[in-house]
Amino acid sequence: MPDLGWLAQPAVFPWIAFGVGLCAGSFLNVVIHRLPKMMERDWRADCAEIMSGETQSVVAGETQSVSGREPPKEEPYNLFVPRSACPGCGRGIRAVENVPVLSWLALRGKCAGCGMRISPRYPLVELLAGAGAAWSAWHFGFGAAALGAMLFVWCTIALAFIDHQTGYLPDDITLPLLWAGLLFNVSGTFAPLQEAVIGAAAGYLTLWTINAGFKLLRGMDGMGYGDFKMTAAAGAFVGWKYLFMVILLSSVVGLVFGVLQMIAARRGWDASFRFHFGPYIAIAGVAALLCGQAILAFIPALRPL
C-alpha cells in the first residue's frame, strides 16, 4: 500500500482540511436551505394527519362522526432529492457550477440561466467551513481532535445560519452534536469525560434557569429551547471549565448586535439581521474550542471560580 503519512504533515494537513472544508461547506449550504423546509413539511404533515382522523361533533344534541381532510401529497424533498436548481428559472445546477467559491466567482454571483442574483451566503459558508477545518487541523494536528473540531465547526455554522434566517435550531443537529461531544471526550479528546458531562448539563440548565426567571417576570419565553440544547452541545465539547467563557462571550456578542439592531430600528434602517442567540453561541463555542487557552491567558477573568 502507498505511504500516506505525508497527509499528516503539519505543512500539508491544514491545506487538505481546507479543501475538504470547502466541499463540506457546499453541503452545509444545502442543509441550511433545505432542513428548515423539511421541518415545516413534517409539521404540516403531522397537522394534516391529525385533521384527517375522524372527529366527534355534537349537532342538535346528537353526536356525529366527521371525517377530516386527507393529508396533501407532496413530492419527495430531502437533503438529496430533488436536484439543486435555480429558484428563479428552475434550471438545474450543473456539476461545473457547483465548485465551492470558484463557481460563484466565475458566474459573478448570478444564475447562468436567468441572471438571478445568487446570495453571497453560499461562498461565505464555504469559506467559513474551509477556514474552520484548516484552523482545526493546524491547531490540533492530525488525529481525532482535529476531526472532532471540524465536525463542531461545521455543525455550528449550519446552526448559526439556520437560526439567523428562520429562528430554528433543529434537533437533528443539536442533539447528535451533543452526543458527539460526549463520545469524543470518552477518551478526553477535548476535556475529561466528567467535565464534558457536567458541561452539557450545566449548559442546558444555565440557560433554562435564565429563561425560567425571565418567563416568571415577563410571562413569556426569552429564548428558545434550541438555545439550551446548542449550549449543552458546546459544553459537551469544551467541558464545564470553558462553559462560562462560552456563555459570557455569546452574551457580550449578542448584546453588541442587539444594541445595533435597536439603533437600526429606531432610525428606520432596514436591518438585515434579526436577533437570535444561536449565531452568538456558535461564535463563542468555536472560540472556546480553538482559542480557549489563549483567551484565558489574555482575559484571566474568564477562568472558572
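Everything below is about the structure shown above.
Conventions used here
Residues numbered from 1 in each chain as written. Predicted model: local features only at pLDDT ≥ 70, side-chain atom pairs only at ≥ 80, totals over all residues. Heavy atoms only, no water. Helix = DSSP H or I, 4+ residues; strand = E, 2+ residues; numbered from the N terminus. Contact = heavy atoms within 4.5 Å. Buried < 20%, exposed > 50% of the residue type's maximum accessible area, 1.4 Å probe, protein only. Phe/Tyr/Trp six-rings, centres within 6.5 Å; stacked < 30°, edge-to-face > 60°. Lys NZ or Arg CZ within 6 Å of the ring centre and 35° of its normal. Axes fitted to C-alpha atoms, helices over the stretch in contact; angles between N-to-C directions. Parallel < 35°, antiparallel > 145°, perpendicular 65-115°, else oblique. Left-handed = near helix turned anticlockwise from the far one by under 90°. Expected span 1.5 Å × (residues − 1). Core = buried A, V, L, I, M, F, W, Y, C linked by side-chain atoms within 4.5 Å. Patch = residues over 30% accessible without salt bridge, like charges linked within 9 Å, V, L, I, M, F, W, Y side chains within 5 Å. Areas by Shrake-Rupley, 256 points an atom, 1.4 Å probe, with all protein chains shown as cover. Salt bridge = Lys/Arg side-chain N within 4 Å of Asp/Glu carboxyl O.

Engineer: Looking at this model, I keep getting lost on the overall build of the protein chain. Mind explaining?
Structural biologist: Scanning the protein chain for helices and strands turns up 9 helices and 2 strands. Beginning at the N terminus, the succession of helices and strands in the protein chain can be written as α-β-β-α-α-α-α-α-α-α-α. Expressed as a percentage of contacts within the protein chain between residues at least 6 apart in sequence, the contacts between residues at least 24 apart total 66%.

Engineer: I keep staring at unusual backbone geometry and nothing clicks. Help me out?
Structural biologist: That bond from Val-81 to Pro-82 is cis: its omega, 0°, falls within 30 degrees of zero. Following the sequence through the fold, Pro-82 ends up in the loop between strand 2 (62-66) and helix 2 (102-106). Not every positive phi belongs to a glycine, and Val-101 is a case in point at roughly 65°. Among the secondary structure elements, Val-101 is positioned in the loop between strand 2 and helix 2. Judged by its relative accessible area of 13%, Val-101 falls in the buried class.

Engineer: I keep staring at the packing of aromatic side chains and nothing clicks. Help me out?
Structural biologist: The way to describe two aromatic rings as a pair is by their centre distance and the angle between their planes. As enumerated under the stated definition, the model contains 11 aromatic pairs in all. Ring centres of Phe-27 and Phe-80 lie 6.2 Å apart, and the angle between their planes is 25°; this geometry places the pair in the stacked category. Of this pair, Phe-27 sits in helix 1 (residues 13-52) while Phe-80 sits in the loop between strand 2 and helix 2; the two residues are 53 residues apart in sequence, bridging distant segments of the chain. A relative accessible area of 66% places Phe-80 in the exposed class. Cluster of aromatic residues (ring-pair linked, three or more members): Phe-140, Phe-152, Phe-184, Phe-190 and Phe-237. One cation-aromatic arrangement involves Arg-34 over Tyr-77; the distance from NZ or CZ to the ring centre is 5.4 Å. Seen from the ring of Tyr-122, Arg-121 lies directly overhead, with NZ or CZ sitting 4.3 Å from the centre.

Engineer: Sorry if this is basic, but what is going on with the packing of helix 4 (residues 144-166) against helix 5 (residues 171-184) here?
Structural biologist: For any two helices packed against each other, the geometry is given by the interaxial angle and the distance between the axes. Where helix 4 contacts helix 5, the axes come no closer than 11 Å and their chain directions differ by 160°. When the interaxial angle is binned, helix 4 and helix 5 end up roughly antiparallel. The handedness of the crossing between helix 4 and helix 5 comes out as left-handed. Note on element contacts: helix 5 touches helix 4 through Ile-173, Thr-174, Leu-177, Ala-180 and Phe-184, opposite Ala-144, Leu-147, Gly-148, Leu-151, Phe-152, Cys-155, Thr-156, Ala-158, Leu-159 and Ile-162.

Engineer: How should helix 7 (residues 225-238) be read in this particular structure?
Structural biologist: Helix length check: helix 7, at 14 residues, gives a terminal C-alpha distance of 20 Å against a target of 20 Å (1.5 Å per residue), a fit within 8%. Burial within helix 7 is extensive, with 13 of its 14 residues counted as buried. Count one or two residues on from helix 7 and you reach Gly-239, which has phi positive near 85°.

Engineer: In this structure, what is going on with the nonpolar core? I would like to understand it.
Structural biologist: The nonpolar side chains of a soluble globular protein tend to be buried, and buried together. Met-150, Trp-154, Ile-173 and Phe-237 are the most contacted members of the largest nonpolar core, which totals 63 residues. Counting residues per element, the ones that place at least two in this core are helix 1, helix 3 (121-140), helix 4, helix 5, helix 6 (193-218), helix 7, helix 8 (243-266) and helix 9 (278-298). Sort the elements by how many residues they give to this core and helix 4 lands first, with 14 residues. When neighbours within four sequence positions are excluded, Trp-154 is seen to be in contact with Val-20, Gly-21, Ala-24, Leu-28, Ala-129 and Ala-133.

Engineer: What is the right way to look at a nonpolar patch on the surface in this model?
Structural biologist: Judged by side-chain polarity, Phe-244, Leu-248, Val-252, Leu-255, Val-256, Phe-257, Val-259, Leu-260 and Ile-263 come together as a nonpolar surface patch covering roughly 730 Å² of accessible area. Examined against the element boundaries, Leu-260 turns out to sit in helix 8.

Engineer: Explain the side chain of Lys-229 here, please?
Structural biologist: Locating Lys-229 in the fold gives a position in helix 7. In this structure Lys-229 touches Asp-171, Thr-174, Leu-175, Leu-178 and Tyr-204, once residues within four positions along its chain are discounted.

The values reported here are purely geometric and, on their own, carry no functional implication.
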